[in-house]
Amino acid sequence: MKKYEAVIGLEIHAQMLTKTKMFCGCSTRFGSEPNSQTCPVCIGMPGVLPVINKKAVEFTVRAGLALGCKISPYNRFARKNYFYPDLPKGYQISQYELPICLGGVVVLNMENGQSTIELTRIHMEEDAGKNIHEGMKDFSCVDLNRAGVPLMEIVTEPQIRSPKEASAFMKKLRSVLRYLEVCDGNMEEGSLRCDANVSLRPIGSSELGVKAEIKNINSFRFVEKAIEYEIWRQEEVLKEGGRVIQETRLYNTSTGTTESMRSKEEAHDYRYFPEPDLVPIVVSDTMLKEVKATIVELPDEKVGRYVNSFGLPLYDAELLSQEKSIAHWFEDAVNKGGNPKAVSNWMMGELMRLLNETSTRIEDCKVTPEHLIGLIKLVDSGAINVKIGKTVFEEMFNSGEQAEKIVKSKGLLQISNEGELDSVIDGILKQYSSEVERFKAGEVKLTGFFVGEVMKQTKGKANPKLVNEILKKKLV
Amino acid sequence: MSVTTDDVKYIAALSRLKVDASELETFGKQLSDILLYVEKLSELNTDGVEPTSHVIPVMNVFREDIERDSLAIEDALSNAPERAGNFYKVPKIIE
């Protein structure tokens, strides 16, 4: 039996989708020439004054409202002081005792039911620059393009209980932030990063154990792997009678382990104080109303609607609503008369597969909802069978032709003519007379073999239901 | 309030300052004097007074999210003690 349970809290840094930095007009574009997007404000020249990017405030309020947070009417920024080469001012402008969003929840649909993860807070801050160590022998390089880019820091309560729940939380949060268009959620480019606080405690205890903080995890898979490893490591320490020490650890993606960052710094002493260069932000009711009006229907509401109004299984509903563009495509198809379950099946099967295989975005896909509805009609009416339908779908995906045209030009109409199938089946039964004997002797599973042969000879066009019926008649 | 020599060492470390052992006592005394002077403020009764985060009653000073020209790379790097290509060159951070 397990002796310990894991207690996990996440801190997520989400880069906001603003065009410019938090306190100056430098671009936030990713991948530009190093140090080409900086100015006296973001590289910390003396005598400059930061000015707050209004959009960043609106984005944070939008995310806060969507996640059910309380928005603080009175806000100010604080200086967090520490030395590091990627922090040109020697302090980060952040929020401390008065974060803009308090509380909030994220609901996860896990295999064993729903879990609700509460948020502690969301606050605004500026990002630091980027250090590059690889390939340099005895020095490091600093790029300050990212210094000053607006971030939302989203902090959860320590209510996450498993690595799976942690990655489900990240996926859900990413989905919501992308719906709201406040963060692009690109983990590879670092626009969504996660630190995990992990501790263990004896099952049944309500006290918190000593935690280790794992820094800068940048994929859903690594969130799970890093936490899994860290839980195992702490279990081993405790089993041997040792003590977990409070420290910062880094996840090493090549070994799959977490390693202590032997930080030379003493205990963190950030000496926070109110930022004297910035005046307070007062969030008015008018602003709240305006921001509220920009919030679109979110994945949770869509899931509810897909299950209740369209009768989709929860699994389908979750998958189709994860990305706004996919959800829109689905709703468009249903609005234009597509049967929700049939549309969902085709989307989750063929469409997603082909989009993935060809790395195509659904917005650029040649198959439109109208194409799919045309195909579903052909299958429903019995003009083609499902198997041929899949071939037609792929053809539509490649050429953008309508299903009906493809079926006609390729001669794919289903053979539902009993006479025609009769003669094909007679030929096959004659050709495989020994199999027929074995079938009659009780080897019933040979039915599949006969059906397969019929399909082969008709190039998959035979109506499978009819083939089964005829075979049954002829084989008794 | 008196600042011990240990406090001085700690503050010096946080500020990345090298302080000679012979100076510790002097700085300790000077810092104590400054704190003592500021202590006077706590004689004031501030019950029911909002903490002041800014001396002038101004709020909501914003910029629109509009891009402006950045510095040329050469200008940005011109104050760097050392550079490597278009990067700032700094002592190795992680061993």
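Residues numbered from 1 in each chain as written. Chains lettered and ligands numbered in written order. Predicted model: local features only at pLDDT ≥ 70, side-chain atom pairs only at ≥ 80, totals over all residues. Heavy atoms only, no water.

### Brief notes about the overall build of chain A
Stated formally: Comment: elements are numbered from the N terminus, with helices defined as DSSP H or I runs of at least four residues and strands as E runs of at least two. Put simply, the radius of gyration uses C-alpha atoms, and a globule should come to 2.2 Å times the residue count raised to 0.38. Buried residues are those whose accessible area, probed at 1.4 Å on protein chains only, stays under 20% of the maximum for their type, while exposed residues exceed 50% and partly exposed ones sit between those limits. Contact between two residues is taken to exist if any of their heavy atoms lie within 4.5 Å; hydrogens are not considered. Methods summary: accessible areas were calculated by the Shrake-Rupley approach with a probe of 1.4 Å, and residue burial reflects only the protein chains presented.
From N to C terminus, chain A includes 15 helices and 18 strands. Radius of gyration (C-alpha) of chain A: 30 Å, far over the 23 Å computed for a compact globule of 476 residues. With respect to the three principal axes, the spread of C-alpha positions in chain A is 95 × 55 × 50 Å. Going through the 476 residues of chain A one by one, you find that 50% of them count as buried. Across chain A, the fraction of contacts at a sequence separation of at least 24, relative to all contacts at a separation of at least 6, is 70%. Accessible area of chain A: about 23100 Å², with a carbon and sulfur share of 52%.

### Considerations on the sheet that holds strand E5 (residues 78-81) of chain A
Residues and elements named next belong to chain A. So the rule is basically this: Paired strands, in this sense, are two strands between which DSSP finds at least two bridges.
Strands sit in the order E6-E5-E17 across an open sheet of three strands; the sheet is antiparallel. Unpaired on one side and paired on the other, strand E6 (91-94) and strand E17 (273-274) mark the two borders of the sheet. Relative to E17, E5 runs antiparallel, the two being bridged by two bridges. Across the sheet, alanine 78 pairs through a bridge with proline 274, a residue of E17.

### With respect to the packing of helix H8 (residues 340-357) of chain A against helix H10 (residues 386-399) of chain A
Residue and element names in this part refer to chain A. Put simply, the rule reads: For every element, the axis is a line fit to its C-alpha atoms; helices are fit only across the contacting stretch, and the angle between N-to-C directions ranges from 0 to 180 degrees. Comment on the angle field: the value is read as roughly parallel under 35 degrees, roughly antiparallel over 145, roughly perpendicular from 65 to 115, and oblique elsewhere. By convention the crossing between two helices is left-handed if the near helix lies anticlockwise of the far one by an angle smaller than a right angle, and right-handed if it lies clockwise. Only Asp, Glu, Lys and Arg are considered charged, only Ala, Val, Leu, Ile, Met, Phe, Trp, Tyr, Cys and Pro nonpolar, and every remaining residue, Gly among them, polar.
Two numbers describe how H8 lies on H10: the axes approach to 11 Å, and their chain directions differ by 40°. Of the possible angle classes, the one that applies to H8 and H10 is oblique. In this structure, the crossing between H8 and H10 has a hand that is right-handed. Together, Trp346, Glu350, Leu351, Arg353, Leu354 and Leu355 of H8 and Val386, Gly389, Lys390, Phe393, Glu394 and Phe397 of H10 make up the contact between the two elements. A class-by-class count of the residues in the contact of H8 with H10 yields seven nonpolar, one polar and four charged.

### Description of helix H9 (residues 369-380) of chain A
Residue and element names in this part refer to chain A. Inclusion rule: One less than the residue count of a helix, multiplied by 1.5 Å, gives the span that helix is expected to have.
With twelve residues, H9 should reach 16 Å at 1.5 Å per residue; the first-to-last C-alpha distance of 16 Å fits that figure. Among the residues of H9, Pro369, His371, Leu372, Ile373, Leu375, Ile376, Leu378 and Val379 are the ones counted as buried. Buried residues along H9 sit in contact with helix H7 (324-335), H8, H10 and helix H11 (403-410). Positive backbone phi, at 85°, marks glycine 382, one or two positions downstream of H9.

### Thoughts on the environment of glutamate 43 of chain B
The topology assignment puts glutamate 43 of chain B in the loop between helix H2 (24-39) and strand E1 (62-63). Between the alpha carbons of glutamate 43 of chain B and glutamate 23 of chain B there is a distance of 32 Å; along the sequence they are 20 residues apart.

### Side note on the interface of chain A and chain B
Note the threshold: Joining two parts hides part of their accessible area as seen by a 1.4 Å probe, and the buried area is that hidden amount summed over both. Salt bridge, as used here, is a side-chain nitrogen of Lys or Arg placed within 4 Å of a carboxyl oxygen of Asp or Glu. N or O atoms within 3.5 Å of each other form a polar contact, as long as, within protein, one can give a hydrogen and the other can take it, and as long as residues adjacent in sequence are counted only when both atoms are side-chain atoms.
Contacts between the two partners involve 58 residues from chain A and, on the opposite side, 36 residues from chain B. Summed over both partners, the interface of chain A with chain B comes to about 4100 Å²; 58% of that surface belongs to carbon and sulfur atoms. Glutamate 67 of chain B is paired through a salt bridge with arginine 29 of chain A; the nearest N and O atoms lie 3.4 Å apart. Applying the counting criterion to the chain A and chain B interface returns 21 residue pairs in polar contact (both at pLDDT 80 or more). Looking at the side of chain A that touches chain B, the elements with two or more residues in it are strand E2 (52-53), helix H1 (54-66), strand E10 (130-132), strand E11 (139-143) and strand E18 (281-282) of chain A. Broken down by element, the side of chain A that touches chain B gets its largest block of residues, five residues, from E11 of chain A. Of the pairings in the sheet, the one linking E2 of chain A to E1 of chain B comprises two bridges and is parallel in character.

### Description of the confidence of the model for chain B
The criterion, for reference: Residue-level confidence of the predictor, termed pLDDT, takes values from 0 up to 100.
In the predicted model, chain B carries a mean pLDDT of 90, and 97% of its residues have values of at least 70. Listed scores for the predicted complex are pTM 0.86 and ipTM 0.87.

### Focus on the side chain of glutamate 453 of chain A
All names here are of chain A. By secondary structure assignment, the location of glutamate 453 is in helix H14 (residues 446-457). A residue is classified by how much of its surface remains accessible, and glutamate 453, at 10% relative accessible area, is buried. Within the local environment of glutamate 453, its side chain forms a polar contact with the side chain of tyrosine 432, the two groups lying 3.3 Å apart. If near-sequence neighbours (up to four positions away) are discounted, glutamate 453 is found in contact with Ile428 and Tyr432.

### Comments concerning the sheet that holds E11 of chain A
What the four strands build is an open sheet, ordered E10(A)-E11(A)-E3(B)-E2(B); its pairing is antiparallel. Both outer strands of the open sheet, E10 of chain A together with strand E2 (83-84) of chain B, are each paired with one neighbouring strand and no more. As judged from the four bridges shared by E11 of chain A and strand E3 (residues 87-91) of chain B, these two strands associate in the antiparallel manner. When the sheet's bridge partners are listed, serine 140 of chain A is paired in E3 of chain B with valine 90 of chain B.

### Quick notes on a nonpolar patch on the surface
All names here are of chain B. What counts is decided by this rule: Each patch is built from salt-bridge-free residues with over 30% relative accessible area, joining like charges within 9 Å and nonpolar side chains (Val, Leu, Ile, Met, Phe, Trp, Tyr) within 5 Å.
On the surface, a cluster of nonpolar side chains totalling about 770 Å² of accessible area is made up of Tyr10, Ile11, Phe27, Leu31, Ile34, Tyr37, Val38 and Leu41. For the nonpolar patch, the secondary-structure elements that each account for two or more residues are helix H1 (5-14) and H2. Of all the elements, H2 adds the most residues to the nonpolar patch, at five residues. With relative accessibility at 68%, the residue tyrosine 37 sits in the exposed group.

### Let's talk about unusual backbone geometry
With a phi angle near 45°, arginine 271 of chain A is a residue other than glycine that sits in the positive phi range. Within the secondary structure, arginine 271 of chain A is located in the loop between strand E16 (257-260) and E17. The phi dihedral of asparagine 60 of chain B is positive, around 50°, even though this residue is not glycine. What makes asparagine 60 of chain B partly exposed here is its relative accessible area of 31%.

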